Amino acid sequence: MRPYARRGVHGQTVEALAHRVLSGTIPEGATLDMAALQSELDVSLTALREALKVLAAKGMVDARQKRGTFVRPRSDWNLLDADMLRWQFSESSATGADTALLRNLGEVRGIIEPAAVRLAADRRTDADLEALEAALTAMGQQGGASDAVEADLAFHRALLAATHNELLERMEMVIESGLAQRDQLVHSAPHSEDPVPSHRAVLDAVRDRDPDAAERAMRALLDQASRDLDRVSGPQAPQGADGSSEKKDGQAQ
C-alpha cells in the first residue's frame, strides 16, 4: 500500500487526528467529540468524517450507533502500516522515545532480511544486480546525509525486489520507515562507519548465487547497523522480567 498523501487540508486533518491518538491526547476507548474537533481543527464535518475514514482503515478508530466514533485499543491498530510507522516516529521523536521503536524494527529486519537475501541469491536477475550496483555506487559517493539515506533505501529496496516475491517486496514499506529514521541518526553523526564494505559483501554473495554467504553477510550488516545505533543513542538498556527497561543505579528510565 502506498503511503498516505499528506497534501491539502484533508491530509493535514488526518495527521492531526493521528498524532492526537498516538500521543494519548485522545486515549484508547475515548469517544470523539466531533463538534469540538471540528472547531479546533477548523474543518467541516464532512472533512472531519473523511479524515476519520482513513484512521478507521488503519484500525485506529471505529464508529457505533449510540456510541459514536471512538478510539480502538492499540492492539487493533495496524502498526506496520507505512503511515502508522511514520506517525509513530514523528510522535516518539518529540518525546525522545524513538530509539525503542527503532530497535523493534531492527528485530523485524533481523527476521525478514536474512531470509529474503537467500531468495535474492537464488532468484536475482541481471537487472536486479544492476539496481543493487547502482545503489551501492551512490552509497559510495560523497554526499549529504539525505543522499546516503536514499542510497541505502534503494539498496534494500532492490534486495527485496530481487526475491521476486510480491509479499516480501511489500515489506519495503515496513523496512524503509525504520531504515530511513536510523540512517538519519547515524549519517548525521560524526565518524559514521563506511557502509559500503558490508553492503558490497551482500551484493557479491547475491551475484555469486551463494545463499549461505548472502545470509552471513546480511547478518553482519545488521549487526553493524545495531552497533551504529548504539554509538549514536547509547546501548540498549537491560530488560526486566516484565519486558520493561531496568534502571541502573541512580539512573532515571
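Each chain carries its own residue numbering, running from 1 in the direction its sequence is written. Totals for whole chains, interfaces and linings use all residues, but because this is a predicted model, local features are given only for residues with pLDDT of at least 70 and pairs of side-chain atoms are given and counted only at 80 or more. With hydrogens and water stripped out, all remaining heavy atoms of the structure feed into the side-chain values.

A. How the structure looks around the overall build of the protein. Here a helix means four or more residues in a row that DSSP labels H or I, a strand means two or more in a row labelled E, and each is numbered from the N terminus. For the protein, the helix and strand inventory stands at 11 helices and two strands. If you list the helices and strands of the protein from N to C, you get α-α-α-β-β-α-α-α-α-α-α-α-α. A total of 253 residues make up the protein; the buried ones form 42% of that total. All accessible-area figures derive from a Shrake-Rupley calculation using a 1.4 Å probe, and residue coverage is judged against the displayed protein chains alone. Working note: accessible area of the protein is about 13700 Å², and carbon and sulfur atoms make up 50% of it. Remark: exposure states derive from per-residue accessible area (1.4 Å probe, protein chains only) relative to the maximum for the residue type, with buried under 20%, exposed over 50%, and partly exposed in between.

B. Broad picture of the environment of Ala220. With respect to the element layout, Ala220 can be found in helix α11 (residues 211-233). Separated by 22 residues in the primary sequence, Ala220 and Ser198 place their C-alpha atoms 7.2 Å from one another.

C. Quick peek at helix α7 (residues 145-161). In this analysis, the expected span of each helix is defined as 1.5 Å times one less than the number of residues it contains. With 17 residues, α7 should reach 24 Å at 1.5 Å per residue; the first-to-last C-alpha distance of 24 Å fits that figure. Of all the residues in α7, the buried ones are Ala148, Val149, Ala151, Asp152, Leu153, Phe155, His156, Ala158, Leu159 and Leu160.

D. Local environment of the side chain of Gln88. Looking at the secondary structure, you find Gln88 in helix α4 (residues 82-95). By relative accessible area, Gln88 is classed as buried at 9%. Here a polar contact is taken to be a pair of N or O atoms separated by no more than 3.5 Å, where protein atoms must pair a possible hydrogen donor with a possible acceptor and residues adjacent in sequence count only if both atoms sit in side chains. From its side chain, Gln88 meets the backbone oxygen of Leu79 in a polar contact 3.3 Å long. Excluding residues that lie within four positions of it along the chain, Gln88 makes contacts with Leu22, Arg74, Leu79 and Leu101. Residue contacts follow a heavy-atom distance rule, with two residues in contact if any of their heavy atoms lie within 4.5 Å.

E. Representation of the confidence of the model for the protein. Residue-level confidence of the predictor is summarised by pLDDT, bounded by 0 at the bottom and 100 at the top. Averaged over every residue, the pLDDT of the protein is 85; the share at 70 or more is 83%. Mean pLDDT across the elements of the protein ranges from a minimum in helix α9 (residues 172-187), with 75, to a maximum in strand β2 (residues 68-71), with 97. Considering only residues more than four positions removed or in separate chains, one finds that residues 238-253, a stretch of pLDDT under 50, has 13 contacts.

F. Representation of the pattern of salt bridges. Take a side-chain nitrogen of Lys or Arg and a carboxyl oxygen of Asp or Glu: if they are within 4 Å of each other, that pair is a salt bridge. One pass over the structure, following the stated rule, counts 19 salt bridges. Its salt-bridge partner being Glu40, residue Arg20 comes within 2.5 Å of it at the nearest N-O pair. In this pair, Arg20 sits in helix α1 (residues 8-23) while Glu40 sits in helix α2 (residues 34-41), placing the two residues 20 residues apart along the sequence. We classify Arg20 as partly exposed; its relative accessible area is 23%. The residue Asp81 makes a salt bridge to Lys58 at a minimum N-O spacing of 2.9 Å. With Asp81 in the loop between β2 and α4 and Lys58 in the loop between α3 (45-57) and β1 (61-64), this residue pair connects regions lying 23 residues apart in the sequence. Overall, Lys58 belongs to the buried group, its relative accessible area being 6%.

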